[in-house]
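# Breakdown of the fold
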Amino acid sequence: MKNMTVVMLENREIYGERLAAFISRQEDSPFNVQLYLEHPVPEEQWKKADVVLMTSSLSEIYEKDMCGHRLLILDEEGKGFENDKAAVYKYQSAAVIYTELLEFCVDKSGKRLLGNGRPGKEWMIMGIYTPVSGEKKTAAVLSMCRKMAVDRRLLYLNLEQVPVFQELLEENDRQEGISDLIYYVKQRSRNLGMRLGRMVIRGEFDYLMPAATSAEIEEMNAEEWRFCLDSIRAETDYEKIIVDFGSSVPPVVLLELCTRWLVIGEGTPWEQRLIRQFRKILNRMTDKDAAAMIDEIRLEELMWEERP
């Protein structure tokens, strides 16, 4: 459902029509775009818009009458503007302009942007516990995510104390990740789903870069975790969240919130002792039956299942 009205004031017909169509047709777009090519446009036609997207050469006609917090200028010269006016360079890809528009609305708008959340959708939070971590186990988990993501929207969150999973995926220079997500959660930011959409790395499955330090994760309290996961459920189209703790014992709130647990090991006596202890922790710290919650699988079985 689209719930943001964007009035686009443009003086180039082909450019305006193409950009307006691109913004409106994005799969997760919250925008209804109203394009005006003849100027001046009467005030009553644009004053109720949530955002006005205006090409800079029309500034003299309109700008003095517009409220700055909802005006985004399409800068034709790329020189920027004084007084911290919000602007985006006009002659670049529509995808970049769309991202800048979305970011502007997320940061400036007082409204909640409606994204891809679907009431009644399938929803599962699966926790991963590996008593003894290692490269093979991490690779097997990532391969499992690829397989699961074939027929459902999946988000992978790695909360290990020393994560290196990203080194097994395609190189990416994205800097934003779980640290930024935690920041927005602690700020109780509106539109968390939209913010998340700007941070995820998309591929065979979606994932976030790991937190800068495990201390950031440890500082999240139960209420913040619930706000985070409830927002992802309501504001995105993800159907399954994979939360990988590696060999770390999860916070109590995540023991409670995960609907299933996958425990991956190689069957060694030491691992079996750790798994028994994990089951005891789950039983003691929650009101859930560990036997019904946990699927235990040997690493070699998981690797065999993922072979082509």
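These figures come from a predicted structure and were not determined experimentally.

Taking 1.5 Å of rise per residue, 14 residues should cover 20 Å, and helix H9 (residues 222-235) covers 20 Å from first to last C-alpha, within 8% of that figure. The distance from a side-chain oxygen at the start of H9 to the backbone nitrogen of Glu-223 is 3.1 Å, and the residue carrying that oxygen is Asn-221.

Residue position: Val-7 is located in strand E1 (residues 4-9). The buried category is assigned to Val-7, whose relative accessible area is 1%. Each C-alpha atom, one on Val-7 and one on Ala-20, is 9.6 Å from the other, the two residues being 13 residues apart in sequence. Beyond its immediate sequence surroundings of up to four residues, Val-7 is in contact with Gln-34, Tyr-36, Gln-45, Trp-46, Ala-49, Val-51, Val-52 and Leu-53.

Before going further, it helps to examine the pattern of salt bridges. Taken as a whole and judged by the stated rule, the model has 13 salt bridges. Asp-151 is the partner of Arg-152 in a salt bridge, and the nearest nitrogen-oxygen pair spans 3.4 Å. Accessibility expressed as a relative area gives 24% for Arg-152, which makes it partly exposed. Each member of the salt-bridge network shares a partner with another, and the members are Arg-153, Arg-202, Asp-206 and Asp-237.

Read from one edge of the open sheet, five strands run E2-E1-E3-E4-E5, paired in parallel fashion. Taken across any chain shown, the strands that pair with only one partner, and hence form the sheet edges, are strand E2 (31-36) and strand E5 (87-89). For this sheet, the mean inter-axis angle between neighbouring strands, taken without regard to orientation, is 20°. Judged from the four bridges that link them, strand E3 (residues 51-55) and strand E4 (residues 71-75) form a sheet pairing that is parallel. Counterpart to Leu-53 in the pairing with E4 is Leu-72. Contacts from helix H1 (residues 13-25) reach E1, E2, E3 and E4, with the element oriented near 170° to E2.

The next point concerns the packing of helix H7 (residues 192-199) against H9. Their axes nearest at 8 Å, the elements H7 and H9 cross at an angle of 85°. Our classification of the angle between H7 and H9 gives roughly perpendicular. On H9, the residues that touch Leu-192, Gly-193 and Leu-196 of H7 are Phe-227, Cys-228, Ser-231, Ile-232 and Glu-235. Here the contact of H7 with H9 is built from residues that sort into five nonpolar, two polar and one charged.

Ile-232, Ile-241 and Trp-261 are the most contacted members of the largest nonpolar core, which has 40 residues in total. Top element by residues in this core is helix H6 (residues 178-186). It accounts for five residues. If you look at the next biggest cluster of nonpolar residues, it comprises 23 residues, including Val-141, Tyr-156, Phe-205 and Ile-242.

Moving on, we get to unusual backbone geometry. Residues His-39 and Pro-40 are joined by a peptide bond in cis, for which omega reads 0°. Note that Pro-40 resides in the loop between E2 and helix H2 (43-46). Within the chain, Arg-188 stands out as a residue other than glycine whose phi angle is a positive 50°. Relative to the helices and strands, Arg-188 resides in the loop between H6 and H7.

On to the sheet that holds strand E9 (residues 240-244). Adjacent strands of a sheet form backbone hydrogen bonds with each other and so pair up, either parallel or antiparallel. Across the sheet, six strands lie side by side as E8-E7-E9-E6-E10-E11; this open sheet has parallel pairing. Looking along the sheet, the strands with just one partner apiece sit at the ends: strand E8 (206-207) and strand E11 (294-298). With five bridges joining them, strand E10 (residues 260-265) and E11 adopt parallel strand pairing. Across the sheet, the residue bridging to Trp-261 is Ile-294, located in E11. Of the strands in this sheet, strand E6 (124-129), strand E7 (154-158), E9 and E10 are in contact with helix H5 (residues 135-148), which crosses E7 at around 160°.

Conventions adopted
- Counting restarts for each chain, with residues numbered from 1 along the sequence as it is written.
- The predicted origin of the model limits local features to residues at a pLDDT of at least 70 and limits the giving and counting of side-chain atom pairs to 80 or more, whereas totals for whole chains, interfaces and linings rest on all residues.
- Neither water nor hydrogens contribute to the side-chain values; these are computed over all heavy atoms in the structure.
- Put simply, DSSP H or I for four residues or longer makes a helix, DSSP E for two residues or longer makes a strand, and each gets a number counted from the N terminus.
- In this analysis, the expected span of each helix is defined as 1.5 Å times one less than the number of residues it contains.
- Under the rule applied, a polar contact is a pair of N or O atoms within 3.5 Å (in protein, one hydrogen donor and one hydrogen acceptor; residues adjacent in sequence only if both atoms are side-chain atoms).
- Throughout this description, buried means an accessible area under 20% of the type-specific maximum (1.4 Å probe, protein chains only), exposed means over 50%, and partly exposed covers the range between.
- What makes two residues a contact is simply this: any of their non-hydrogen atoms within 4.5 Å.
- Each reported salt bridge corresponds to a side-chain nitrogen of Lys or Arg within 4 Å of a carboxyl oxygen of Asp or Glu.
- When DSSP finds two or more bridges between two strands, those strands count as paired.
- Each axis is a line fitted through C-alpha atoms, taken for helices only over the stretch in contact, and angles between the N-to-C directions span 0 to 180 degrees.
- Roughly parallel covers angles under 35 degrees, roughly antiparallel covers those over 145, roughly perpendicular covers 65 to 115, and oblique covers all other angles.
- The residue classification treats Ala, Val, Leu, Ile, Met, Phe, Trp, Tyr, Cys and Pro as nonpolar and Asp, Glu, Lys and Arg as charged. All others, Gly included, are polar.
- Each nonpolar core is a collection of buried residues, namely Ala, Val, Leu, Ile, Met, Phe, Trp, Tyr and Cys, held together in the definition by side-chain atoms within 4.5 Å.

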